[in-house]
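So the chains spell out like this:
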Amino acid sequence: MPITNKYGLSTPWIRIAEQNLYDKVGWRSATELVGPVRLAMLRDRHREHIEVDVCDMSHAILGEAVHTLLERAGDDAITEQRFIIDVMGKEVSMKPDRFEPEAEHLRDFKTAKVWAYVLGTKDEWVRQTNIYAHGLRQHGHTVSEISIELLIKDWDYKGPLGQTTIPKNEYPESPIIRIPVDVWLDADVEDYLRDRVMLFMDLEDTPDNELPICTMEERWGRPDKWAVKKKGGKRALSGGANFETEQDALDFAVTKNHPCDIEFRPGKSTRCEHFCDAKMFCNYYLNHINPAF
Ligand code: SF4
């Protein structure tokens, strides 16, 4: 992937960005396998033509910086060590952040925005860390606990005030939180890995436009919603903000003893819009998310 430097930043930024992009070993990484297959395929096929500006990699660079600092803890933990396992004859690589052999505890460090936390990329994290645990077991370790330590970049002590669409009870309590992860049985990880490897292999020759569309979860999506407001009012009525169909909103409106407006609130696909570097090669993005292109 060619890296551009539109704002004339100094070379260290470019080097960090390059390291982040080209750290690929084996057939596929655990991170790729748990992510959207369409995105991984498009990235591979169009790698030479996907231009990324160093500024657009600020999130990845920040994540890398946090990892590097945490790696310096200087204790007996195994940090950032590469493991490769064989799944159906394919090399799957992984680099767990931190494994404490004595405590049998695997920890993964992540940086994300509040929205990523609230929207639930967590399932992807659960699958990824359980593959790491499987890889560690394959190399003779015992893993009995997994947790994710998440640094939330845009956390605000005032809570979700500026982000009114985030329910107060879903807002994280502090800027760094620990999320315990369910430890899967090894047989379940093996089944999951086999399914993913087979899916990726089966789709290797599928044309771009016929690759399965990334799911709502993979797109970090929010579905369309309808809200009910008092006629002429600005805010949704209590209990009237989150209807999944227009009919549900209409049914709610007729229970009120005053005229109402129904407001359509279009959904979002945050990953497609802001974090997918292959989007210009994705017919779903071009036709549905940003048809202006
Ligand atoms: S633009 Fe969206 S649907 Fe297309 S590959 Fe990227 S994440 Fe998937």
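Residues numbered from 1 in each chain as written. Predicted model: local features only at pLDDT ≥ 70, side-chain atom pairs only at ≥ 80, totals over all residues.

### What to know about the overall build of the protein chain
Part 1 of the argument: What the protein chain contains, in helices and strands, is 10 helices and 14 strands.
Part 2 of the argument: With the C-alpha coordinates aligned to their principal axes, the bounding extent of the protein chain is approximately 65 × 45 × 45 Å. (Helix = DSSP H or I, 4+ residues; strand = E, 2+ residues; numbered from the N terminus.)

### Comments concerning the site of the ligand
Part 1 of the argument: Close to the ligand lie 16 residues, the nearest being Cys-214, Cys-272, Cys-276, Cys-282 and Tyr-285.
Part 2 of the argument: Taken together, the elements giving at least two residues each to the shell around the ligand come down to helix H3 (37-45), helix H9 (270-275) and helix H10 (283-289).
Part 3 of the argument: Counting residues per element, the shell around the ligand draws most heavily on H3, which supplies 3 residues.
Part 4 of the argument: Among the residues making up the shell around the ligand, the classes are represented as 11 nonpolar, 1 polar and 4 charged. (Near = placed C-beta within 6 Å. Nonpolar A, V, L, I, M, F, W, Y, C, P; charged D, E, K, R; others polar.)

### Describing the confidence of the model for the protein chain
Part 1 of the argument: Averaged over every residue, the pLDDT of the protein chain is 89; the share at 70 or more is 95%.
Part 2 of the argument: Confidence scores differ between elements of the protein chain, with helix H5 (residues 114-119) showing the lowest mean pLDDT of 76 and helix H7 (residues 186-202) the highest of 97. (pLDDT = per-residue confidence, 0-100.)

### Some details on the nonpolar core
Part 1 of the argument: Judged by nonpolar contacts, the single largest core of 25 residues is most densely connected at Ala-30, Leu-106, Tyr-132 and Leu-136.
Part 2 of the argument: When contributions to this core are tallied by element, the ones reaching two or more residues are helix H2 (30-34), strand S6 (90-94), strand S8 (105-112), H5, helix H6 (122-138) and strand S9 (145-152).
Part 3 of the argument: Sorting elements by how many residues they give to this core places H6 first, with 5 residues.
Part 4 of the argument: Residues in contact with Leu-136, not counting those within four places in the same chain, are Phe-83, Pro-96, Phe-99, Leu-106, His-141 and Val-143.
Part 5 of the argument: With 11 residues, the next largest nonpolar core counts Leu-42, Leu-211, Cys-214 and Cys-276 among its residues. (Core = buried A, V, L, I, M, F, W, Y, C linked by C-beta atoms within 7 Å. Buried ≥ 20, exposed ≤ 12 C-beta atoms within 10 Å, placed from the backbone. Contact = placed C-beta atoms within 7 Å.)

### Here we look at unusual backbone geometry
Part 1 of the argument: Non-glycine residue Glu-80 carries a positive phi angle of around 50°.
Part 2 of the argument: Inspection of the secondary structure assignment puts Glu-80 in the loop between strand S4 (78-79) and strand S5 (83-87).

### A word on H6
Part 1 of the argument: Taking 1.5 Å as the rise per residue, H6 with 17 residues should run 24 Å; its terminal C-alpha atoms sit 24 Å apart, in good agreement.
Part 2 of the argument: Those residues of H6 not exposed but buried are Trp-125, Arg-127, Gln-128, Thr-129, Asn-130, Ile-131, Tyr-132, Ala-133, His-134, Gly-135 and Leu-136. (Expected span 1.5 Å × (residues − 1).)

### A closer look at the domain arrangement of the protein chain
Part 1 of the argument: Entries for the protein chain in the domain assignment read domain 1 (3-213) and domain 2 (226-266).
Part 2 of the argument: Here the C-alpha centroids of domain 1 and domain 2 sit 39 Å apart. (Domains from an automatic or database assignment.)

### Points about the environment of Ala-253
Part 1 of the argument: Checked against the element boundaries, Ala-253 lands in helix H8 (residues 246-253).
Part 2 of the argument: Sequence-wise, Ala-253 and Tyr-285 are 32 residues apart; in three dimensions their C-alpha atoms are separated by 34 Å.
Part 3 of the argument: The residues contacting Ala-253, other than those within four sequence positions of it, are Val-228, Cys-260 and Ile-262.

### Quick notes on the sheet that holds strand S2 (residues 28-29)
Strand-to-strand pairing in sheets goes through backbone hydrogen bonds, with the strands running parallel or antiparallel.
Part 1 of the argument: Pairing is mixed in the open sheet, where 3 strands are placed in the order S2-S6-S5. This sheet does not close on itself; its edge strands, each paired only once, are S2 and S5.
Part 2 of the argument: In this sheet, S6 lies alongside S5 in antiparallel orientation, the contact comprising 5 bridges. Opposite Val-87, over in S6, you have Lys-90 as the bridge partner.
Part 3 of the argument: Running over the sheet, H6 touches S5 and S6 and is turned about 95° from S5.
Part 4 of the argument: Its contacts with the sheet put H7 on S2, S5 and S6, and the angle it makes with S5 is roughly 75°. (Pairing = 2+ DSSP bridges. Axes fitted to C-alpha atoms, helices over the stretch in contact; angles between N-to-C directions.)

### Let's talk about the sheet that holds strand S10 (residues 176-181)
Part 1 of the argument: Across the sheet, 5 strands lie side by side as S4-S7-S8-S9-S10; this open sheet has mixed pairing. Taken across any chain shown, the strands that pair with only one partner, and hence form the sheet edges, are S4 and S10.
Part 2 of the argument: Of the strands in this sheet, strand S7 (98-100), S8, S9 and S10 touch H6, which is tilted by about 145° from S8.

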